Structure formats: structure tokens, C-alpha cells
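Commentary on secondary and tertiary structure
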Amino acid sequence: TQLLEQSPQFLSIQEGENLTVYCNSSSVFSSLQWYRQEPGEGPVLLVTVVTGGEVKKLKRLTFQFGDARKDSSLHITAAQPGDTGLYLCAGVSRAGNMLTFGGGTRLMVKP
Amino acid sequence: NAGVTQTPKFRILKIGQSMTLQCAQDMNHNYMYWYRQDPGMGLKLIYYSVGAGITDKGEVPNGYNVSRSTTEDFPLRLELAAPSQTSVYFCASRWDPLSEAFFGQGTRLTVV
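Residues numbered from 1 in each chain as written. Chains lettered and ligands numbered in written order. Predicted model: local features only at pLDDT ≥ 70, side-chain atom pairs only at ≥ 80, totals over all residues. Heavy atoms only, no water.

Our next topic: the overall build of chain B. Secondary structure assignment for chain B yields zero helices and 11 strands. Starting at the N terminus and walking to the C terminus, you meet the elements of chain B as β-β-β-β-β-β-β-β-β-β-β. Against the globule reference of 13 Å for 112 residues, chain B gives a C-alpha radius of gyration of 13 Å, in line with a compact fold. Its C-alpha atoms give chain B principal-axis dimensions of roughly 35 × 25 × 25 Å. Of all intrachain contacts in chain B linking residues separated by at least 6 positions in sequence, the fraction that spans at least 24 positions is 53%. Measuring between centres, the 10 positive side-chain charges of chain B sit 10 Å from its 9 negative side-chain charges. (Helix = DSSP H or I, 4+ residues; strand = E, 2+ residues; numbered from the N terminus. Rg over C-alpha atoms; globule rule 2.2 N^0.38 Å. Contact = heavy atoms within 4.5 Å. Lys, Arg positive; Asp, Glu negative; His and termini not counted. Charge placed at Lys NZ, Arg CZ, Asp CG, Glu CD.)

Here is the structure:
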């Protein structure tokens, strides 16, 4: 089992603050994805990172894949209430067949 | 395109009953997955399939079975429902290992 641990589990911040969510594992992944899930819906893909050390930006969101491809982070700059949701990291196994998720980080951004 | 369709949306089962959760996708994806999500938690992989006729266990397969006779359909079977199987079940599919996984709307199952 390729365990993915996310931290923190919960985060409540004020609008305009910055935050970082971490996704760590002892396993190496061929790639890693970040999803966001709204209540009552399935997760929706934000980004896929493939190369160790890779950094991708999506507006105010910055994603980084660790050099060893075992960990990743999501940084949100100037958080807005619309960023509220459950953020999930998901690792793709080296064989490419399994997609396993972390426990999620529930983010609440207060106006 | 319908994407990934799950049925039913809601179901209440009594302990010991059986049921099949249906999942169908119309995107010709080879990779399909079943997850369960307990309240406030992440998704746990139950079973997955990399193509018709091929299935494999995920992280929490006990109490479940799957089949993949066609590319489109990937049903999940609960044989003897237990309260511990109360959860929201998501089916997902994707084209290849690097592509986005598309999820269904979920099936909320309660076992009483």
C-alpha cells in the first residue's frame, strides 16, 4: 500500500492569508495529482506534476513535486472564500495503474 | 457526453443484504476505479481495472467484488452488507496514467 499523508487535516484562515498544504509518502510515485472536492460532488483535477522538482502555477495556486517524487506541496497565495473546499493529493504508482489518495485537507477561508 | 454515471445515488441496505453499485463511462477509458469516502476523509481505493477482463485489489477490498466484462461498465458488488460499509462510493475513470481521473456523482450507501 502506498500511503499518502496530508497535513494539515483542517485549516481555517482569513481571506487574504497564504497557506501551504503538504502531501508526503515513503513511496516513489511516477506522478502526483492534486484534486479539489466540493460537498456532494466528485473530486476535480487541479494539476498533474510528473518530474521531480517540478513547479506548476495555476493563478494563485503553486504546486511542487519533491525531487525524489515522494512528496508534494500546494501553496495558495491570498486565499479567497471561493478556495474553500477539500484538497486531495493522489499518487500514481510507478506501474501507472493505481491512483491512491491522501486523507485530504479541508480548507475554510473566512471573508 | 455523459462522462461517468453511477447508479443509484442513494441506497439504504439492511445488514446482510447484497447489492450492486453500477458505474458506466462513455469516454472509452481503459482505467477505472472504485473508491469509498467516509465523512470528512479522503478516498480509499477499493478495486481498480486497467481494461476489460482485468481487475485488481486496492487498499480496502474486503467485503467487495468487481467485474469488468466491457470497457464501459465496472460494477461493484457488496455481498453481505455490514454497517462498516456505510460510506459514499465514487467510481472514476481515466484515459492513461497521466491523465485526469473523471468521477461520478457518487452513491451514498447506508447499512442499518
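Continuing now.
This paragraph deals with the interface of chain B and chain A. Each partner contributes to the interface: chain B provides 22 residues, whereas chain A provides 25 residues. Between chain B and chain A, a total of about 1,900 Å² is buried, with carbon and sulfur atoms accounting for 55% of that surface. Its largest share of buried area at the contact with chain A, chain B owes to B:L43, B:E59 and B:L98, together 24% of the area lost on that side. In this structure, the connection of chain B to chain A is made through zero salt bridges. (Buried area = accessible area lost by both parts, 1.4 Å probe. Salt bridge = Lys/Arg side-chain N within 4 Å of Asp/Glu carboxyl O.)

This next bit is on the state of the cysteines. All names here are of chain B. Counted according to the given criterion, the structure contains two disulfides over all chains. Two residues, C23 and C91, share a disulfide whose sulfurs are 1.8 Å apart. Looking along the S-S bond of the C23-C91 disulfide, the torsion reads about -70°, which is the left-handed sense. Here C23, found in strand β3 (residues 19–25), pairs with C91, found in strand β9 (residues 87–94); they are 68 residues apart in sequence, far enough to count as distant. The same class applies to C23 as to C91, namely buried. (Disulfide = S-S within 2.5 Å. Buried < 20%, exposed > 50% of the residue type's maximum accessible area, 1.4 Å probe, protein only.)

Residue and element names in this part refer to chain B. Of all seven residues making up strand β4 (residues 31–37), seven are buried, and the element is well covered by its neighbours. Here β4 shows no split at all, with Y31, Y33, Y35 and Q37 on one side and M32, W34 and R36 on the other all buried. Here β4 pairs with strand β5 (residues 43–51) via six bridges, running antiparallel. Residue pairing across strands places Q37 opposite L43, the latter belonging to β5. Two successive antiparallel strands, β4 and β5, enclose a turn made up of five residues, where G40 displays a positive phi of approximately 70°. (Pairing = 2+ DSSP bridges.)

Residues and elements named next belong to chain B. With respect to the secondary-structure elements, E79 resides in the loop between β8 (76–78) and β9. On the basis of relative accessible area, E79 is assigned to the partly exposed category, the value being 39%. For the pair E79 and R94, spaced 15 residues apart in sequence, the C-alpha to C-alpha distance is 27 Å. For E79, the contacting residues outside a window of four places in its chain are G16, Q17, S18, G63 and N65.

Residues and elements named next belong to chain A. L19, L32, W34, F63, L74, I76 and L107 are the most contacted members of the largest nonpolar core, which totals 20 residues. Of all the secondary-structure elements, those providing two or more residues to this core are β3 (19–24), β4 (31–37), β5 (44–49), β7 (61–65), β8 (71–76), β9 (85–92) and β11 (105–110). Ignoring anything within four residues of it in the chain, the contact list for L19 reads L11, I13, L74, H75, I76, A79 and L107. (Core = buried A, V, L, I, M, F, W, Y, C linked by side-chain atoms within 4.5 Å.)

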